[in-house]
Each structure stands twice: as structure tokens, then as C-alpha cells.
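Residue strings, one per chain:
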Amino acid sequence: MFSYPFMQYAFIASFFISILCGLMGVFVVARKTAFFTHTLSEISFSGASFGVFLGTNPIIGMLIFTVLSSLMIGTVGSKVSRRESSISVFSVLFIGLGILFLSLANSQSSYATNILFGSIVGISLDNVTTLVALSILIILVIVLIYRKLKYNSFDDIGAGFNSRANTFVSIVFLILLACTVSVTAQIVGSLLIFALLTIPASSAKYFAHSIWGMTLLSFIFSLIGTWVGLYLSFITNLPVSFFIALIETIIYIIAVLYDKVTRI
């Protein structure tokens, strides 16, 4: 299997994807932003359509659409009561624009459509290089704001007393989330990245009781799903997305059953 360069690239890419999803997923679950993450995955597809329309790399369009939507939602929907409405409004706007650009770029629309399902077994060295570079940048920013982000995510009442800092950290986190979705969706698919950003972290919280423990387990669960999924896809010639989704679902079911058993 590893004699094929595209499989080598796929395993390297999935390793860094698992790091990002493990780190960001814990905060996604803690901040209850799963709905927004799902919306970003849809908006990233629209951004890819915009990139195809411009005749440039789809990841540029994905970054533009997801970051702009994050800024708008983070600014307008800073209060929880307005957040869901803001997400709905801006997601409709950007998805509508994506449909427009996809229709205008119909000569290459099939390439943008692949963003929905990803192509983890068909990535190039340039894709891996871009992913690694942006992953390192995202991780560095998280490290810089980690203490404030942890406080803001796990202590809503205390963070509420400092509304300016709370708003700033929230906007930075949404931008980081947008960048994570954009750099990984092109490889694993905008539909699948939502699963990797939510299910492993949701499973990890049943086993670990610390932030670092949840992060480590979330990374391990993501890595198991992607690596085992790649292997099963290679030997069966079935879509890797199916196996990753199946494995993560099984892990979550096991986590829930474990929690119920330990509570008896």
C-alpha cells in the first residue's frame, strides 16, 4: 500500500488533519458550536465554487467565504440569542453565492463538486505542503490564545464579565475554525470534516475528564478513523469517507455505552 505515493501523502495529510480536529474539536464541543461547524462545511463548498469561478485554487475561495462568514457571525451574533439566527442568515447568503458561481463556472463544476466528498487518496505533494503549513500556523495561534480560549470555552459565567475579551476570543476561534474547515475539506470533503470535528471530541468526553485528556483522545479517535478508513478503502476499493464515518460512529456508540455502564 505504501508503495503508492498518493497513499503516503494521504496518511501524512490525515495525521495533521487528526491533530487539527482533535485540538479544535474539543473547543467546538465545549462551546456548543457544532451547528456552526456544519454550516461552515457547507459554506466551504460554496467558497470552492467561487475559487473555481475565479480560475484559482479552490482553497482561496474557501478561505475567503468561511473567514468572512465567521467575522460576520462573530460580530453580529456575539450574543447566544442572536447566534443561531445570524448563522442561518449568513449561511444562506454564502451558499446562495456559491450556487451562483458554480453555475457560472459550469465548465469546471465537477471539480468543485468533489469538495463535498473529498479526495484523500488523490492528493498531491503540494496539497500536503499547504495543509502542513496552515496546520502549523493554526496550532501556533491556538497556543498563543490557549489560556483565554480555555477560560472562554469552559467558564461561560466567568467569561461573561469581560465581554470585550470574550467577543475577541470568540471571533478568533471562529476564524481558526473556518481556516481548519477550509484547509482540510479539500482533502477529506466538506461533509466529512464536520464529522471529524465533532464526533471524536464528543466520544472523548466520556473517557477523559481533563482538556488535555480529551484533546489527546480526540486526536487518537480521529487518527484511528482516518488511517483504518484508508486501509479498508485500499483493500475494498470503496469510498474512504464511508469507512471514516462508520468507524467514528462505532467509537461514539462504544463511548456512550461505556458511560452508561460506568454509571450503573
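The rules behind the values
Residues numbered from 1 in each chain as written. Predicted model: local features only at pLDDT ≥ 70, side-chain atom pairs only at ≥ 80, totals over all residues. Heavy atoms only, no water. UniProt positions renumbered as here; feature names shortened; annotations may be inferred. Helix = DSSP H or I, 4+ residues; strand = E, 2+ residues; numbered from the N terminus. Expected span 1.5 Å × (residues − 1). Buried < 20%, exposed > 50% of the residue type's maximum accessible area, 1.4 Å probe, protein only. Patch = residues over 30% accessible without salt bridge, like charges linked within 9 Å, V, L, I, M, F, W, Y side chains within 5 Å. Areas by Shrake-Rupley, 256 points an atom, 1.4 Å probe, with all protein chains shown as cover. Salt bridge = Lys/Arg side-chain N within 4 Å of Asp/Glu carboxyl O. Core = buried A, V, L, I, M, F, W, Y, C linked by side-chain atoms within 4.5 Å. Contact = heavy atoms within 4.5 Å. pLDDT = per-residue confidence, 0-100.

The next thing to look at is the UniProt feature "transmembrane region" (unreviewed entry) in the chain. UniProt annotation of "transmembrane region" (unreviewed entry) refers to residues 6-29, 50-73, 85-104, 116-146, 166-199, 211-234 and 240-258 when read in the numbering used here. A distance of 34 Å separates the end C-alpha atoms of residues 211-234, which is 100% helix and 0% strand. Along residues 240-258 one finds 100% helix and 0% strand; the C-alpha atoms at either end are 27 Å apart.

So, on to helix H10 (residues 190-204). With 15 residues, H10 extends 22 Å between its outermost C-alpha atoms, agreeing within 8% with the 21 Å of an ideal straight helix rising 1.5 Å per residue. Of all the 15 residues making up H10, twelve are buried; the element is thus mostly covered by neighbouring parts of the structure. Residues of H10 that are buried: Ser190, Leu192, Ile193, Ala195, Leu196, Leu197, Thr198, Pro200, Ala201, Ser202, Ser203 and Ala204.

This part takes up a nonpolar patch on the surface. On the surface, Phe53, Leu54, Leu93, Leu97, Leu100 and Leu104 cluster together to form a nonpolar patch covering roughly 510 Å² of accessible area. Contributing elements (two or more residues each) for the nonpolar patch: helix H2 (34-54) and helix H4 (80-104). The greatest single-element share of the nonpolar patch, amounting to four residues, is contributed by H4. Relative to the helices and strands, leucine 97 resides in helix H4.

The subject of this paragraph is the nonpolar core. As a rule of thumb, nonpolar side chains are buried together in soluble globular proteins. Core analysis: the biggest nonpolar cluster contains 59 residues, and Phe173 and Leu177 have the highest contact counts within it. When sequence neighbours within four positions are dropped, the list of residues in contact with leucine 177 reads Met24, Val28, Phe36, Thr37, Leu40 and Leu197.

The next thing to look at is helix H11 (residues 211-236). For an α-helix, 3.6 residues make a turn, and residues three or four places apart therefore share a direction. Between the first and last C-alpha of H11 there are 37 Å, a value that for 26 residues agrees with the 38 Å anticipated at 1.5 Å per step. Asparagine 237, located one to two residues past H11, shows a positive phi value of around 65 degrees.

Of all residues in the chain, 85% attain a pLDDT of 70 or more, and the chain-wide mean is 81. Within the chain, no element has a lower average pLDDT than helix H8 (residues 156-159), which sits at 57, and none a higher one than H11, at 91.

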